[in-house]
Amino acid sequence: MGPAFSGPIRRLAWPAALFFLFAFASALGAPQKPEKRPRPQRLDGEVELRRDSAGELRLSNRPLLSAKGKKSKAAELPAKNSAPVSGTVLRAQVSLVEVNCNVLRPDGAHVRGLGADSFRIFEDGVEQHIAHFDASQEPASLVLVLDSSPSVLPDLAEMKRAARALAARLSPVDEVAVVAFGSQTLLLLPFTTDRGKLEQAIDSITLDLGQGSNIYEAVYLAARVVFRGRTGRKALILVTDGQDSGLGLSWPPSSALPQTGAGADRLSFEDVARTLAEEGIAFDVVSTQNRPPAMTPVWIAAHASKTLLTEESRRLGIPHYTLYLAEMVRRAGGSLYFLHEIGTLAEVYERIAAELRAQYTLGYYPAGAGSEGWRALRVTVEPPGNLALRHRPAYYVPATR
């Protein structure tokens, strides 16, 4: 037997032992405090836009600013072709074109379980060899771009509630980032799978980002900065009333084109469309406005292959700001939802999440040299039957001179 303790020594021994045992167990198994999300960063703080001699708008690789205006080295833009956190070596190749598509039955149900041999893909009418195929196994990258301008105040609480519910509808490996904008654009959360940080970012959304509403600048910066270097399934969800105050868009379609002369370096609607198409980002929009009576789903489908920015649209009484949202969706590939006719934003997110879960990614190396500019895309599925395919209609190759 070991020695017996007595007196004051014995009275202290057991409390001390229990204390050390408790401390040891706590160090091994006690839950840790959730890691705080990174500080918000100004995406529009010190970016510099320059239009080159080929007419392409370029974004400088300057450090971003914190929300308080301080430079942040950690926020510098990654290299254009840097590999994402996840993904295969094949998909990191610069020349690989990726097309995400959904296959639907007549009742709208998604078709799953298809293999690469079920698809054919064409660029400008020429069939391409499918070099990479993924059936929603690799992580998706999704950016929430939320309007924080005063005009959306009545919908802000709903926006927050629905954004919280979105995490439960995504795969645990899908990465989500959050951007909020008014006249300023803030990156509230870079890509993460940490749903706790997502909650913190959503709770931090306020209406103190200025009186303006730079919708298309926020989309452009999200595409160029937040998505930069990523491959695979990419989706940007914009929640807004559509009333942009940054680009000066009006009924003449010429207001959507790049300017010349002193205004040549300004962002244009065309630059945003090119960027989404170049990066392969699906563009889903949730409008907090009512659907214009003339803008029915049938009318939108009938104009799938031609611009919506016409005099006919103006005569139909469609507000030009809603029309521009629909035109961007048409060109980038995605869907336009009207919140008040669906019911709740959570229901919209459920539809978008369902599409991501059932999406196929087809990758190919373009056959032939090709030229810069827009290239038409077409995907077919075998056997065709009554199946419908949803994918982006084109991609964009910037000029390099």
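It should be emphasised that the depicted structure is a prediction, and the values quoted were computed from it without experimental measurement.

Reading the values: the criteria
- Residues numbered from 1 in each chain as written.
- Predicted model: local features only at pLDDT ≥ 70, side-chain atom pairs only at ≥ 80, totals over all residues.
- Heavy atoms only, no water.
- Helix = DSSP H or I, 4+ residues; strand = E, 2+ residues; numbered from the N terminus.
- Buried < 20%, exposed > 50% of the residue type's maximum accessible area, 1.4 Å probe, protein only.
- Contact = heavy atoms within 4.5 Å.
- Pairing = 2+ DSSP bridges.
- Axes fitted to C-alpha atoms, helices over the stretch in contact; angles between N-to-C directions.
- Polar contact = N/O pair within 3.5 Å; in protein donor to acceptor, adjacent residues only side chain to side chain.

Colleague: Would you explain the overall build of the protein in this entry?
Modeller: Along the protein, the regular secondary structure elements total 10 helices and 19 strands. Across the 401 residues of the protein, 49% fall into the buried class. Sequence separation of 24 or more characterises 75% of the internal contacts of the protein that already satisfy a separation of 6 or more.

Colleague: Can you help me understand the sheet that holds strand β9 (residues 130-134) in this one?
Modeller: Whether parallel or antiparallel, the strands of a sheet pair through hydrogen bonds between backbone atoms. One open sheet accounts for 4 strands, arranged β9-β16-β6-β18; its pairing is antiparallel. Each edge of the open sheet is held by one strand with a lone partner, namely β9 and β18 (388-391). Geometrically, the sheet is characterised by an average inter-axis angle of 30 degrees between neighbouring strands, direction not taken into account. In the sheet, β9 pairs with strand β16 (residues 360-364) via 4 bridges, with the strands oriented antiparallel. From the neighbouring strand, Ile130 faces β16, where its bridge partner is Tyr364.

Colleague: Would you take a moment to explain the side chain of Asn102 for this structure?
Modeller: Position of Asn102 among the secondary structure elements: in strand β6 (residues 97-104). Looking at Asn102, the relative accessible area reads 2%, which means it is buried. A polar contact is formed between the side chain of Asn102 and the side chain of Gln359, at a distance of 3.2 Å. Once you skip the residues sitting within four places of it in the chain, Asn102 turns out to touch His110, Glu355, Ala358, Gln359, Ala388, Leu389 and Arg390.

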